[in-house]
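A closer look at the structure
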Amino acid sequence: MKTKQVAFYTFFMTFFFALCVCKGSNLYAETEGEKLFKSNRPAEAILFLEDEINNGTASSAAYNYLGLAYYQTGDYQNSVDAFAKGLKVPATNKKVLSYNQGNAYYAMGDYDNAAKSYSLALSADAKYTQALLNRGNAYLMAQKYSETISDYERYIVMEPDDPQRPKLEQLIALLKQEIVRQEEEARMMAEEAERLAEEERRMQEELARQKAEEERLEAERRAEEERLAEIKRQEEAERRRKMLEDVANSLQNTDSTNMTSGTEDLIDYDYESELD
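Let me sum up the structure you'll find in this document.

Parameters at a glance
Residues numbered from 1 in each chain as written. Predicted model: local features only at pLDDT ≥ 70, side-chain atom pairs only at ≥ 80, totals over all residues. Heavy atoms only, no water. Helix = DSSP H or I, 4+ residues; strand = E, 2+ residues; numbered from the N terminus. Expected span 1.5 Å × (residues − 1). Buried < 20%, exposed > 50% of the residue type's maximum accessible area, 1.4 Å probe, protein only. Contact = heavy atoms within 4.5 Å. Arc of directions from axis to C-beta. Patch = residues over 30% accessible without salt bridge, like charges linked within 9 Å, V, L, I, M, F, W, Y side chains within 5 Å. Areas by Shrake-Rupley, 256 points an atom, 1.4 Å probe, with all protein chains shown as cover. Salt bridge = Lys/Arg side-chain N within 4 Å of Asp/Glu carboxyl O. Core = buried A, V, L, I, M, F, W, Y, C linked by side-chain atoms within 4.5 Å. Axes fitted to C-alpha atoms, helices over the stretch in contact; angles between N-to-C directions. Parallel < 35°, antiparallel > 145°, perpendicular 65-115°, else oblique. Left-handed = near helix turned anticlockwise from the far one by under 90°. Nonpolar A, V, L, I, M, F, W, Y, C, P; charged D, E, K, R; others polar.

Let's shift gears to helix H8 (residues 129-141). For H8, with 13 residues, the first-to-last C-alpha span of 18 Å sits near the 18 Å given by 1.5 Å per residue. Every buried residue of H8 is accounted for by Thr-129, Ala-131, Leu-132, Leu-133, Asn-134, Arg-135, Gly-136, Ala-138 and Tyr-139. Considering only its buried residues, H8 is in contact with helix H6 (94-108), helix H7 (111-124), helix H9 (145-158) and helix H10 (165-251). Immediately beyond the C-terminal end of H8, within one or two residues, lies Gln-143, with a positive phi of roughly 60°.

So, about helix H5 (residues 76-87). End to end, H5 covers 17 Å across 12 residues, agreeing with the expected 16 Å (1.5 Å per residue, within 8%). Inspection of H5 places Ser-79, Val-80, Ala-82, Phe-83 and Gly-86 among the buried residues, and these make up the whole buried set. Taken around the axis of H5, the buried residues stretch over an arc of 160°, which confines them to a single face. Where H5 is buried, its residues touch helix H4 (62-72) and H6.

Together, Met-243, Leu-244, Val-247 and Leu-251 give the surface a local cluster of nonpolar side chains, amounting to about 420 Å² of exposed area. Along the polypeptide, Leu-244 turns up in helix H10.

Looking now at the nonpolar core. Judged by nonpolar contacts, the single largest core of 39 residues is most densely connected at Leu-49, Leu-66, Tyr-99, Tyr-128, Ala-131 and Leu-168. Considering each element in turn, this core owes the most residues, six residues, to H4. Residues within four places of Leu-168 in sequence aside, it is in contact with Leu-133, Tyr-152, Tyr-155 and Ile-156.

What follows covers the packing of H4 against H6. Two numbers describe how H4 lies on H6: the axes approach to 10 Å, and their chain directions differ by 15°. Between H4 and H6, the interaxial angle falls into the category roughly parallel. The handedness of the crossing between H4 and H6 comes out as left-handed. Here Tyr-63, Asn-64, Leu-68 and Tyr-71 of H4 lie close against H6, whose contacting residues are Val-96, Leu-97, Asn-100, Asn-103, Ala-104 and Ala-107. Broken down by class, the residue content of the contact of H4 with H6 amounts to seven nonpolar, three polar and no charged.

Okay, structure coming up:
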């Protein structure tokens, strides 16, 4: 009985192991899309990989293959999007996806986002020197020279035997010179801006002075006009007063022959007095 139990157990485990191997083979077998990609047929692979991802039959590597297939066909935006989708899926290789996404961004000329993707890859693996070098290249293209120098110098420390080291060191020296030149240029531009600002300030002061002088002269002119107008008004008033006075005097008869005693009869004084 015991022998039969051992035999059954052995048979069961053998069958179970074979079943697991069989299932494992099905789980990790290459899909048609992956085969086409590895056969250097990216355009055809895209159709199958998209379909496999949508149907849930793709492996965790499918997103990377899809992004690479789009990249190989020059469709960099869809390449970026494929890598981005893969980054949201559990159990995918985030380090590789981020790095490849950075390359796609770089190919698009989007150097800021390329640097961000490389940084994400480096956060997954701080020793991922290729991502470090590529991030330095992205910073270089974005004209962020201080960041470029930092990444290049760090890369040389981590990869001292890299054949590109002499070129990198030469580039670092040139970039440091460029930074000095830019700083000097910025200083000169700041001084020029300050000089122009001072010149503008003096010009504004002079314009204000001229305006104030013009306003003063205008005020004096108006005051003189008002003074002359007032004199003219006074003269005109005096002329009218004199004219009215003359008219009144002309109407006033003060001749003695026209004087009255208060009666109706006039006293005529128009004779010689007989009084001694």
